Amino acid sequence: KDLFYGIIHYLEELQKNSAFSVDRVESLGAAVDCLKAVIDLDVVPIPSTTLAQIFQQYLSSQAPQGMLSFEEFVNALKVRNYFDGCEVGDAEYNQRLENARQKYNKKYSTNIQATTLVPGIVISTEQKEEATALKNEGNKLLQEKDFEGAIAKYSSAIDLDPNNAIFYANRAAARSYLRKFVEAAEDARCAIKANPEYAKGYTRLGLAELELEHYQNALDAYQNALKQTPENDKTWEGLLEKVNLCKQKIELQQAPNESSSSSSS
């Protein structure tokens, strides 16, 4: 029952996501109504166990005896000072976390793979509210062009809620203003991992990759942003211009090679 209730509550939370189109929200609503009809309930009780906890229990039941969960594996690395010198959510931390994920999957050769930014984490309502407040403070500092201050606020928000795509995308924007495009690209990738349907994750990545002159990567990012953006959205035309700009950059980049190839033949 908790699994059933948890799925319904999860879908209801997704309906509140401002990044989703009206059609997608309506589809989620229809799914919720169908599930409620199956169990013949208008009001679904709050489950005693979250979906994340149920999934973690499943992983534990499937893991070979003596096998650590990924969360336990990461905690063991922290005890051994693996993450010393970096902060949760920054580019170095995310790179070390990704290295840890690869080591974990190699060490425990199994169909169960560690994939999430911070797996199994349960964020309390108080933490979410505090993280959102920090994000809002960061937004204000960003408008005031205090980019370092904004980064600090977004980083603190990420510490509290490390799987929130908006926090990473906002920090990517602040880092781009400081022309820290490598770090901005890392934040944008984290935003995309946290929510693959969040268009701003792709636009932040597109900007960073464009400035780094990684034009094919930038083109891929902007095209993905277009896929997540309704055609009547005010940003649609701007994204289309970015796509065309990237294509022009790629053509110019390839032109010298084609010229050289023609001369040699």
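Starting from 1, residues in each chain are numbered consecutively following that chain's sequence as written. Owing to the predicted nature of the model, reporting of local features is limited to residues with pLDDT of at least 70; listing and counting of side-chain atom pairs is limited to 80 or more, with chain, interface and lining totals taken over all residues. For the side-chain quantities, the full set of heavy atoms in the structure was used; hydrogens and water were omitted.

**Structural notes on the environment of Ala150**
Rules: Numbering of helices and strands runs from the N terminus, with a helix taken as a DSSP run of H or I at least four residues long and a strand as a DSSP run of E at least two residues long. Burial here depends on accessible area, computed with a 1.4 Å probe over protein chains only, as a share of the maximum for the residue type. Under 20% is buried, over 50% is exposed, and the range in between is partly exposed. Two residues qualify as a contact provided that any one of their heavy atoms is within 4.5 Å of a heavy atom in the partner residue.
Assignment of secondary structure puts Ala150 in helix 7 (residues 147-160). The class of Ala150 is buried, set by a relative accessible area of 0%. Residues within four places of Ala150 in sequence aside, it is in contact with Gly138, Leu141, Leu142 and Ala174.

**Comments concerning the nonpolar core**
Heads up, the condition is: In this text, buried Ala, Val, Leu, Ile, Met, Phe, Trp, Tyr and Cys residues form a nonpolar core when linked through side-chain atoms within 4.5 Å.
Within the largest apolar cluster, 22 residues are counted, with the highest numbers of intra-cluster contacts made by Leu205 and Cys246. For this core, the secondary structure elements donating two or more residues are helix 9 (181-194), helix 10 (199-211), helix 11 (215-227) and helix 12 (236-264). Broken down by element, this core gets its largest block of residues, seven residues, from helix 11. Each residue touching Cys246, except ones within four places of it in the same chain, is listed here: Leu210, Tyr215, Ala218, Leu219 and Tyr222.

**A few points about the packing of aromatic side chains**
Short version of the rule: Ring pairs are drawn from Phe, Tyr and Trp, using the six-membered ring of Trp, whenever the two centres fall within 6.5 Å, and their geometry is named by plane angle: stacked under 30 degrees, edge-to-face over 60, tilted for the rest.
In the structure shown here, the tally under the stated rule is two aromatic pairs. Pairing Tyr82 with Phe83 gives two aromatic rings, centres 4.9 Å apart and planes at 90°, and the pair type is edge-to-face. By relative accessible area, which is 7% here, Phe83 ends up buried. With 4.7 Å between their ring centres and 5° between their planes, Phe147 and Tyr177 make a pair best called stacked. With Phe147 in helix 7 and Tyr177 in helix 8 (residues 165-177), this residue pair connects regions lying 30 residues apart in the sequence. The exposure class of Phe147 is buried, given its relative accessible area of 13%.

**Brief notes about helix 6 (residues 125-143)**
Filter applied, for reference: What a helix is expected to span follows from its residue count: subtract one and scale by 1.5 Å. Regarding the arc, it is the one traced by the directions from the helix axis to the C-beta atoms.
Over its 19 residues, helix 6 runs 27 Å from end to end, which matches the ideal 27 Å to within 8%, given 1.5 Å per residue. Along helix 6, the residues that are buried comprise Ala131, Leu134, Lys135, Gly138, Leu141 and Leu142. Seen end-on, helix 6 carries its buried residues on one side only, within an arc spanning 115°. For helix 6, the exposed residues set more than 90 degrees away from the buried face come down to Thr125, Glu126, Glu129, Lys140 and Gln143. Where helix 6 is buried, its residues contact helix 7 and helix 8. Just downstream of helix 6, Lys145 is the residue with a positive phi angle, here 65°.

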